[in-house]
Amino acid sequence: MFSNSTFEETCFLLWNGRLPRAVELETFSKQLRESAALPPQVIQFIELMPHTSNPMDMLRTVASLLATFDMNPEKSPEANLGRAVQLTARFPTIVATFHRLRQNLPPVAPNPELSHAANFLYMLSGKEPTKAEARTMDAALVLHADHEMNASTFACLVTAST
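Computed from a predicted model, the values in this text were never measured in an experiment.

Trainee: How should the packing of helix H1 (residues 7–16) against helix H5 (residues 77–102) be read in this particular structure?
Mentor: Helix-helix packing is described using two parameters, namely the angle between the two axes and the distance between the axes. Contact geometry of H1 with H5 gives a least axis separation of 12 Å together with a crossing angle of 155°. When the axes of H1 and H5 are compared, the pair comes out roughly antiparallel. Relative to H5, the crossing made by H1 is right-handed. In this structure, H1 contributes Phe7, Cys11, Trp15 and Asn16 to the contact, and H5 contributes Leu81, Ala84, Val85 and Thr88. The residue inventory of the contact of H1 with H5, partitioned by class, reads 6 nonpolar, 2 polar and no charged.

What follows is the structure, given as structure tokens:
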């Protein structure tokens with residue numbers, strides 16, 4: 001499964017109900033890469049957050065802040081898909097920015113030449129990941145996208161429901 005698919009392809013499949021054609025996948029991947037950067041004001045906001053903040057609280061708060069930068073107030077399936085693309089592209093940037101600031105390191109801007117998974121690792125470490133590292137991260141993202149929760153959470157839900 002993982003040797004023939006990517007996180008970008010999985011997102012397209014989940015959002016559109018079908019696998020993308022080659023040109024659609026390239027367009028979609030480009031959209032993700034071009035949407036990964038955060039507005040400067042959002043980076044400044046993250047810098048102001050206490051470094052002891054819970055990462056999930058920070059992510060939720062910054063996602064809400066990003067809504068104020070949405071220039072398309074339309075409430076349609078197409079507009080919502082655009083928001084999903086932007087949030088999916090920006091979540092790794094938010095997490096990596098907060099992580100680096102907590103380590104007293106400067107944030108690393110996204111590299112539009114890298115895949116979604118490789119870019120996340122790059123922004124976390126400041127160095128471009130190897131192909132094996134990027135592929136491993138990509139596989140992890142596919143698993144999470146496909147299963148919606150990790151295995152231990154699933155096991156707890158199954159156990160509690162029986």
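Further notes follow.
Trainee: Mind showing me how you'd approach the pattern of salt bridges here?
Mentor: Here the idea is simple: oppositely charged side chains can pair when their charged atoms come close. Under the defined criterion, the tally for this structure stands at 7 salt bridges. For the salt bridge of Arg18 with Glu24, the shortest nitrogen-to-oxygen distance reads 2.6 Å. The class for Glu24 is buried, based on a relative accessible area of 17%. Arg135 is the partner of Asp138 in a salt bridge, and the nearest nitrogen-oxygen pair spans 2.5 Å. Here Asp138 and its partner Arg135 are both found in helix H7 (residues 131–147), 3 residues apart, which amounts to about one turn of the helix. Connected via shared salt-bridge partners are Arg18, Arg21 and Glu24.

Trainee: I keep staring at the nonpolar core and nothing clicks. Help me out?
Mentor: Most often, soluble globular proteins have nonpolar side chains that are buried together. Formed by 15 residues in total, the largest nonpolar core has its most connected members in Phe7, Phe28, Leu32, Met137 and Leu141. Going through the elements one at a time, H1, helix H2 (22–35), H5, helix H6 (116–125) and H7 are the ones with two or more residues in this core. Among the elements that take part in this core, H6 stands out by supplying 4 residues, more than any other. Leave out the neighbours within four places in its chain, and Leu32 touches Glu8, Val85, Thr88 and Ala89. Counting residues in hydrophobic clusters, the runner-up holds 11 residues, among them Leu38, Val62, Leu66 and Ile94.

Trainee: Sorry, what's going on with the packing of aromatic side chains here?
Mentor: Aromatic rings considered in pairs are described by the distance between their centres and by the relative angle of their planes. Considering all chains together, one arrives at 2 aromatic pairs under this definition. With centroids separated by 6.0 Å and ring planes inclined at 75°, the aromatic side chains of Phe12 and Phe28 adopt a geometry described as edge-to-face. Note that Phe12 is positioned in helix H1 and Phe28 in helix H2, a separation of 16 residues in sequence. Across the pair, Phe28 and Phe12 agree in class, each one buried.

Trainee: Before we go on, may I ask you to explain the packing of H2 against H5 in this structure?
Mentor: It is the contact of H2 with H5, at a shortest axis distance of 8 Å, that shows an interaxial angle of 60°. Here H2 lies oblique to H5, going by the angle between them. Judged by the sense of rotation from one axis to the other, the crossing of H2 with H5 is right-handed. Here H2 contributes Phe28, Gln31, Leu32 and Ser35 to the contact with H5, which in turn contributes Val85, Gln86, Thr88, Ala89 and Arg90. Classifying every residue of the contact of H2 with H5 by side-chain character gives 4 nonpolar, 4 polar and 1 charged.

Quick notes on the rules
- Residues numbered from 1 in each chain as written.
- Predicted model: local features only at pLDDT ≥ 70, side-chain atom pairs only at ≥ 80, totals over all residues.
- Heavy atoms only, no water.
- Axes fitted to C-alpha atoms, helices over the stretch in contact; angles between N-to-C directions.
- Helix = DSSP H or I, 4+ residues; strand = E, 2+ residues; numbered from the N terminus.
- Parallel < 35°, antiparallel > 145°, perpendicular 65-115°, else oblique.
- Left-handed = near helix turned anticlockwise from the far one by under 90°.
- Contact = heavy atoms within 4.5 Å.
- Nonpolar A, V, L, I, M, F, W, Y, C, P; charged D, E, K, R; others polar.
- Salt bridge = Lys/Arg side-chain N within 4 Å of Asp/Glu carboxyl O.
- Buried < 20%, exposed > 50% of the residue type's maximum accessible area, 1.4 Å probe, protein only.
- Core = buried A, V, L, I, M, F, W, Y, C linked by side-chain atoms within 4.5 Å.
- Phe/Tyr/Trp six-rings, centres within 6.5 Å; stacked < 30°, edge-to-face > 60°.

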